[in-house]
Amino acid sequence: MSLKKGGGPKTLPVALTITGQGSSDKLDLVYHNRKTSEVTAMIEAGATMAAIIPYLVESWDTDFALTEEGVTEFEDEYPGMVAAVMAGFWRARNKAVEGN
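Residues numbered from 1 in each chain as written. Predicted model: local features only at pLDDT ≥ 70, side-chain atom pairs only at ≥ 80, totals over all residues. Heavy atoms only, no water.

Visitor: Which residues make up the overall build of the protein, and what are the values?
Guide: Across its full length, the protein holds four helices and three strands. Along the chain direction, N to C, the helices and strands of the protein fall in the order β-β-α-α-β-α-α. With the C-alpha coordinates aligned to their principal axes, the bounding extent of the protein is approximately 45 × 35 × 20 Å. In the protein, which comprises 100 residues, the share counted as buried stands at 24%. Across the protein, the fraction of contacts at a sequence separation of at least 24, relative to all contacts at a separation of at least 6, is 47%. Per element, the accessible surface of the protein, about 6,800 Å² overall, is 51% carbon and sulfur. The averaged location of the 14 negative side-chain charges in the protein is 19 Å from the averaged location of its 9 positive side-chain charges. (Helix = DSSP H or I, 4+ residues; strand = E, 2+ residues; numbered from the N terminus. Buried < 20%, exposed > 50% of the residue type's maximum accessible area, 1.4 Å probe, protein only. Contact = heavy atoms within 4.5 Å. Areas by Shrake-Rupley, 256 points an atom, 1.4 Å probe, with all protein chains shown as cover. Lys, Arg positive; Asp, Glu negative; His and termini not counted. Charge placed at Lys NZ, Arg CZ, Asp CG, Glu CD.)

Visitor: Can you tell me about the sheet that holds strand 3 (residues 57-60), naming the residues and giving the values?
Guide: Strand order across the open sheet formed by three strands is 1-2-3, with antiparallel pairing between neighbours. At either end of the open sheet lies a strand with only one pairing partner, and these are strand 1 (11-20) and strand 3. Going from strand to strand, the sheet's axes swing by 30° on average, the running direction of each strand aside. The sheet contact formed by strand 2 (residues 23-32) and strand 3 spans three bridges and is antiparallel. Residue pairing for strand 3: L29 is matched across the bridge by W60. (Pairing = 2+ DSSP bridges. Axes fitted to C-alpha atoms, helices over the stretch in contact; angles between N-to-C directions.)

Visitor: Summarise the pattern of salt bridges; cite the residues concerned and give the values.
Guide: Close approach of charged atoms lets side chains of opposite charge pair. For the structure on display, the rule yields one salt bridge. Here D28 and K26 are joined by a salt bridge, their closest N and O atoms 3.8 Å apart. Using a relative accessible area of 29% as the deciding quantity, one classes D28 as partly exposed. (Salt bridge = Lys/Arg side-chain N within 4 Å of Asp/Glu carboxyl O.)

Okay, structure coming up:
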């Protein structure tokens, strides 16, 4: 049995390809492997996406600060970044059947 309780990785390194505004850019980041229940609890408590992203992301390769204010600034300059980072988290975290 390879899937054991508590056996998941602690971090999830990914490279997101972000397109828009006439360019295609790569954003390297490392997510904390937070549980769905933890993220749901933050959402239900009323946390903004700008507040949740610093909780989910350990590090990223951009000069925007990894703070609620930095995420808000990032979204203001590059609309859609919050949705892209959130989508990347769920994609990195979800398991899937391969080749069956």
